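# Understanding the architecture of this molecule
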Amino acid sequence: MTKKFLTIDDFDVSGKTVLLRVDFNAPMSPEGKVLDDARIRSHVKTILDLKDAKVIVLAHQSRPGKSDFTTTKPHAEILSKHLGKEVRYVDDLFGSYARSCISAMVPGDVILLENVRFFSEESLERSPKEHTHSYFVQKLLPYVDFFLNDAFAVSHRSHLSVVGFTEEIPSGAGRIMESEIVNLERGLNGERPCVYALGGSKVDDSLHVAQNVLSTGSADSVLFSGVVGNVVLAAAGYKIGKANMDLIAKLGYENQIPIAKDLLDKYGKKIKYPADVALNVNGKRVEASLKEMGKSEHPANDIGLETIVAYTNEIENAGTVILNGPAGVSENPDFAIGTHEIIRAGTRSKFSIIGGGHISAEVNRLGIEGQFSHISTGGGACIEYLSGVELPGITALEKAAAKQEMK
Ligand code: 3PG
């Protein structure tokens, strides 16, 4: 692929102020501790390459309304540890406190601003031009020389801190963004059959991806598990039990059942859903048929053994596999079996891509990071990219590069 965006190498950042969008979004403990710092570590190379600049880091943690929607303070502490120097956490985004902290910076300084999603306009899906008019962008613009997007993992969102600065100041890609694009392009031209294993609880994202990869023909089959697996089961007409239906309703995904049904109608056997599950019966794993699941009050927290065998068989015989989202509640070892077996099967396929924060955390836990062709820092962003969807964050960088070229 010809490079259509600028990178750090195209800018003289020495002594300049660089606004760097990263993706530090991490699984958090209920006490507010970062449970997996892989994403934070991944950006260290980019920040080290900016060592002569003043670096203002922008990051988000989770989404409004979720229990792990919290401050970026712990992320600053972890980044400080990995950089070997203090990263100042600034409890503000674009107010006078943030701006005075920025004014006081000297080359070599790194500051991390507060969770960008604490500002509600951040998460509006708006065009770069529309975001440019926000107070957030207008207040920070006079203080920054360059914008770098290293947040591949959130570049499928047309969010303020992803696309809002690129129309106004010279903008390019950080090191992670560069490496993601190069590796995912390799994945796109991989061997067939190409199998997608989609789990986790971002049901809308997963169904959207399945729709894309099946309609473009870039996938030969899609194996569903996790909450999205339950949505597909419900769409296929199975009773999935009250606890599972309640969770789908609580997450606001009841409206995804007809969407999953459309997929089943269109793509039939290319779509696989669980043939059995593991119920969480008072904390214990209990294997259950779909019939038993339908009658049970207990939640399904993993795929069952029969499904594990069928899915892993398909994955290990694939030319290319893309794994995204855990198959169950993988934080609990009893319900991590499906996720771990899918991950291990991925290492036996010819070309394997791991996408998604939570499944990457499980790969790290198993200590087999080195056995995959590529571990993406992105979940939704990774598979949207692989499905040929334009990522607004990348498009904005391409436009910025074209603008620079014309100068
Ligand atoms: C992710 O974890 O996939 C990214 O940080 C994007 O998060 P989002 O799906 O909440 O936008």
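Residues numbered from 1 in each chain as written. Predicted model: local features only at pLDDT ≥ 70, side-chain atom pairs only at ≥ 80, totals over all residues. Heavy atoms only, no water.

### Notes on the domain arrangement of the protein
Note on interface size: it is often stated as the accessible area lost on association of the parts. Definition in use: Where each domain begins and ends follows an automated or database-derived domain assignment.
When its domains are assigned, the protein resolves into domain 1 (8-174 + 390-406) and domain 2 (191-350). The C-alpha-based centres of domain 1 and domain 2 are spaced at 34 Å.

### Points about empty space enclosed by the protein
Spelled out, the test is: Site definitions follow a grid-based scheme: protein atoms alone, a 1 Å grid, a 1.4 Å probe that fits but cannot get out for cavities, and for pockets an open set with protein on both sides within 12 Å along at least five of seven lines, plus lining residues having an atom within 4 Å of a point. Grid points are joined across faces, edges and corners, and a volume is the space filled by probe spheres set on the points. Secondary structure counts use DSSP, requiring at least four H or I residues in a row for a helix and at least two E residues in a row for a strand, with both numbered from the N terminus.
All chains considered together, the criterion is met by one cavity of 30 Å³ or more. The volume enclosed by the largest cavity comes to roughly 40 Å³. Taken together, Ala197, Ser225, Leu323, Asn324, Gly325, Pro326, Ala327, Thr339, Ile342 and Ile359 form the lining of the largest cavity. Broken down by secondary-structure element, the contributors of at least two residues to the lining of the largest cavity are strand S13 (320-324) and helix H15 (337-347).

### Regarding the site of the ligand
Definition in use: Throughout this document, a residue counts as near a molecule or strand when at least one of its heavy atoms sits within 4 Å of that molecule or strand. The definition of a polar contact used here is a pair of N or O atoms within 3.5 Å, where within protein one atom must be able to donate a hydrogen and the other to accept one, and adjacent residues in sequence count solely through side-chain atom pairs. Accessible areas in this description were obtained via Shrake-Rupley with a 1.4 Å probe; residue shielding takes into account the shown protein chains only. Residues are grouped as follows: nonpolar covers Ala, Val, Leu, Ile, Met, Phe, Trp, Tyr, Cys and Pro; charged covers Asp, Glu, Lys and Arg; every other residue, Gly included, is treated as polar.
Close to the ligand lie Asp23, Asn25, Arg39, His60, Arg63, Arg117, Ala153, Arg157 and Lys202. Note that an oxygen atom of the ligand is positioned 3.0 Å from one of the side-chain N or O atoms of arginine 39. Look at the ligand: alone it shows 310 Å² of surface, and the protein chains cover 94% of it. The residue makeup of the shell around the ligand, split by class, is one nonpolar, two polar and six charged.

### Some thoughts on the nonpolar core
Among soluble globular proteins, nonpolar side chains are generally buried collectively. Applicable threshold: For the purposes of this section, nonpolar cores are sets of buried Ala, Val, Leu, Ile, Met, Phe, Trp, Tyr and Cys residues that join through side-chain atoms within 4.5 Å. Think of it in three bands: with a 1.4 Å probe and only protein chains considered, a residue is buried below 20% of the maximum accessible area for its type, exposed above 50%, and partly exposed in between. What makes two residues a contact is simply this: any of their non-hydrogen atoms within 4.5 Å.
With 50 residues, the main nonpolar core has Phe152, Tyr196, Leu207 and Phe224 as its most contacted residues. It is helix H10 (residues 226-235) that provides the largest number of residues to this core, a total of seven residues. Taken domain by domain, the makeup of this core includes at least three residues from each of domain 1 (8-174 + 390-406) and domain 2 (191-350). Apart from residues no more than four positions distant in its own chain, tyrosine 196 is found in contact with Val209, Val213, Ser218, Ala219, Ser221, Val222, Leu223, Ile322, Ile383, Leu386 and Ser387. The next biggest cluster of nonpolar side chains, apart from the first, holds 30 residues, and it includes Ile8, Phe24, Leu79 and Leu83.

### Structural notes on the pattern of salt bridges
Any two side chains of opposite charge can pair, given that their charged atoms come close. Heads up, the rule is: Basic side-chain nitrogens of Lys or Arg form a salt bridge, by our definition, when they fall within 4 Å of a carboxyl oxygen of Asp or Glu.
This model, assessed by the stated rule, comprises 23 salt bridges. Between aspartate 49 and arginine 175 there is a salt bridge whose closest N-O contact spans 2.7 Å. Of the two residues, aspartate 49 sits in the loop between helix H2 (44-48) and strand S2 (54-58) while arginine 175 sits in helix H8 (residues 175-188), which places them 126 residues apart along the sequence. Taking relative accessible area as the criterion, aspartate 49 reaches 30% and is therefore assigned partly exposed. Arginine 175 gets classed as buried once you look at its relative accessible area, which sits at 17%. Salt-bridge contacts for aspartate 302 lead to arginine 285; the nearest nitrogen and oxygen are separated by 2.7 Å. With aspartate 302 in strand S12 (residues 300-303) and arginine 285 in strand S11 (residues 284-289), this residue pair connects regions lying 17 residues apart in the sequence. Judged by its relative accessible area of 19%, arginine 285 falls in the buried class. Among the charged side chains, a salt-bridge network with shared partners connects Asp9, Lys45, Asp49, Arg175 and Glu178.

### Description of the packing of aromatic side chains
For clarity, the threshold we go by: A pair of aromatic rings is counted whenever rings of Phe, Tyr or Trp (Trp by its six-membered ring) have centres within 6.5 Å, and the orientation is called stacked for planes under 30 degrees apart, edge-to-face for over 60 and tilted otherwise.
For the coordinates displayed, the defined rule picks out nine aromatic pairs. When the ring of phenylalanine 94 is compared with that of phenylalanine 119, the centres are 5.0 Å apart and the planes differ by 75 degrees; the resulting orientation is edge-to-face. Of this pair, phenylalanine 94 sits in the loop between strand S3 (87-90) and helix H4 (96-103) while phenylalanine 119 is found in the loop between strand S4 (110-113) and helix H5 (128-132), placing the two residues 25 residues apart along the sequence. With relative accessibility at 17%, the residue phenylalanine 119 sits in the buried group. Connected via pairs of aromatic rings, a cluster forms that spans Phe94, Phe119, Phe136, Phe147 and Phe165.

### Focus: the UniProt feature "binding site: (2R)-3-phosphoglycerate" (unreviewed entry) in the protein
Short version of the rule: UniProt positions are given in the numbering used here, feature names are shortened, and annotations may be inferred rather than shown by experiment.
Those residues carrying the UniProt feature "binding site: (2R)-3-phosphoglycerate" (unreviewed entry) are Arg39, Arg117 and Arg157 in this numbering. Checking the annotated residues one by one, the ones that line the second largest pocket turn out to be Arg39. For arginine 39, the position within the fold is in helix H1 (residues 38-42). Overall, arginine 39 belongs to the buried group, its relative accessible area being 13%. In this structure, arginine 157 sits in the loop between strand S5 (146-149) and helix H7 (160-163).

### Side note on the layout of surface pockets
Over the atoms, a rolling probe the size of a water molecule traces out where space has been left empty. Within this model, the second largest pocket holds a volume of roughly 280 Å³. Every residue lining the second largest pocket is counted, 16 residues in all, and those nearest its centre are Ala38, Arg39, Ser360, Asn364 and Ile375. Where the lining of the second largest pocket is concerned, the elements lending two or more residues are H1 and helix H16 (357-366).

### Notes on the sheet that holds strand S10 (residues 276-281)
Stated formally: In this description, strands pair whenever DSSP reports at least two bridges between them. For helices, the fitted axis covers only the stretch in contact; all axes are lines through C-alpha atoms, and the angles between them, taken along N-to-C directions, range from 0 to 180 degrees.
Sheet architecture is open: three strands sit in the order S11-S10-S12, paired in antiparallel fashion. Taken across any chain shown, the strands that pair with only one partner, and hence form the sheet edges, are S11 and S12. In this sheet, neighbouring strand axes are inclined to one another by 35 degrees on average, regardless of whether the strands run parallel or antiparallel. Across six bridges, S10 lies against S11 in antiparallel orientation. Each bridged residue has a counterpart across the sheet, and for valine 277 the counterpart in S11 is alanine 288. Packing of helix H14 (residues 305-316) onto the sheet brings it into contact with S10, S11 and S12, and relative to S12 it is tilted by some 40 degrees.

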